[in-house]
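Next come the chains, spelled out residue by residue.
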Amino acid sequence: MNEKSDVFSFGVVLLEVIIGKPAISRSRTENVHLCDQVGSMLGSADIRGNVYKRLGDRFEAGSAWKIAEIALACASESSSQRPTMSQVVMELKRVFLGEWQIEIAMGIL
């Protein structure tokens, strides 16, 4: 185990939170990893239809998209292609700071 293993695990947990499904879905014929499902989802450009239903409309689609991309980068099969945890934190801060700026501009905050 090393930092890149922790980054992978964080990415999987982040995907579970965003999508609201377990890391591995089991059926009678196969096991499907959440990373594969999210990769297909991003390819079909359907983030709203796949984000955890309990969130309802309380999320910004662009932010959910970016967070899913960050999570998939963390869960890359190749550890050399995964970001460091510092890079992940920096990217997540950018996403949330961008949301706050939009809310401030709209007078929500």
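Note on numbering: residues in each chain are counted from 1, in written sequence order. Given that the model is predicted, a residue must reach a pLDDT of at least 70 before its local features are reported, and side-chain atom pairs must reach 80 or more before they are shown or counted; all residues, however, enter totals for whole chains, interfaces and linings. Each side-chain value is derived from all of the structure's non-hydrogen atoms; neither hydrogens nor water enter the calculation.

- Within an unreviewed UniProt entry, the label attached to the protein chain reads Protein kinase domain-containing protein, and the organism entered is Thlaspi arvense.

## Remarks on the overall build of the protein chain
Phase 1 of the analysis: Broken down by element type, the protein chain carries 4 helices and 2 strands.
Phase 2 of the analysis: Strands are runs of DSSP state E lasting at least 2 residues, helices are runs of H or I lasting at least 4, and numbering of each runs from the N terminus. Going from the N terminus to the C terminus, the protein chain shows its helices and strands as α-β-β-α-α-α.
Phase 3 of the analysis: With 109 residues in all, the protein chain has 28% of them scored as buried.
Phase 4 of the analysis: Taking the contacts inside the protein chain whose residues are at least 6 apart along the sequence as the reference set, 52% of them involve residues at least 24 apart. Only protein chains enter the accessibility calculation, which uses a 1.4 Å probe; a residue is then buried when its area is under 20% of its type maximum, exposed when over 50%, and partly exposed in between. Note on definitions: a residue-residue contact is assigned when non-hydrogen atoms from the two residues lie within 4.5 Å.

## Side note on the pattern of salt bridges
Phase 1 of the analysis: Salt bridges, as used here, are contacts in which a Lys or Arg side-chain nitrogen is within 4 Å of a carboxyl oxygen on Asp or Glu. One pass over the structure, following the stated rule, counts 2 salt bridges.
Phase 2 of the analysis: Of the charged contacts, one joins Glu 91 and Arg 94 as a salt bridge, the two residues approaching to 2.7 Å between their closest N and O atoms. One end of the pair, Glu 91, and the other, Arg 94, are both in helix H4 (residues 85-106), 3 residues apart, so they sit about a helical turn from each other.
Phase 3 of the analysis: Look at Arg 94 and you get exposed, because its relative accessible area is 52%.
Phase 4 of the analysis: One salt-bridge network, held together by shared partners, links Lys 66, Glu 91 and Arg 94.

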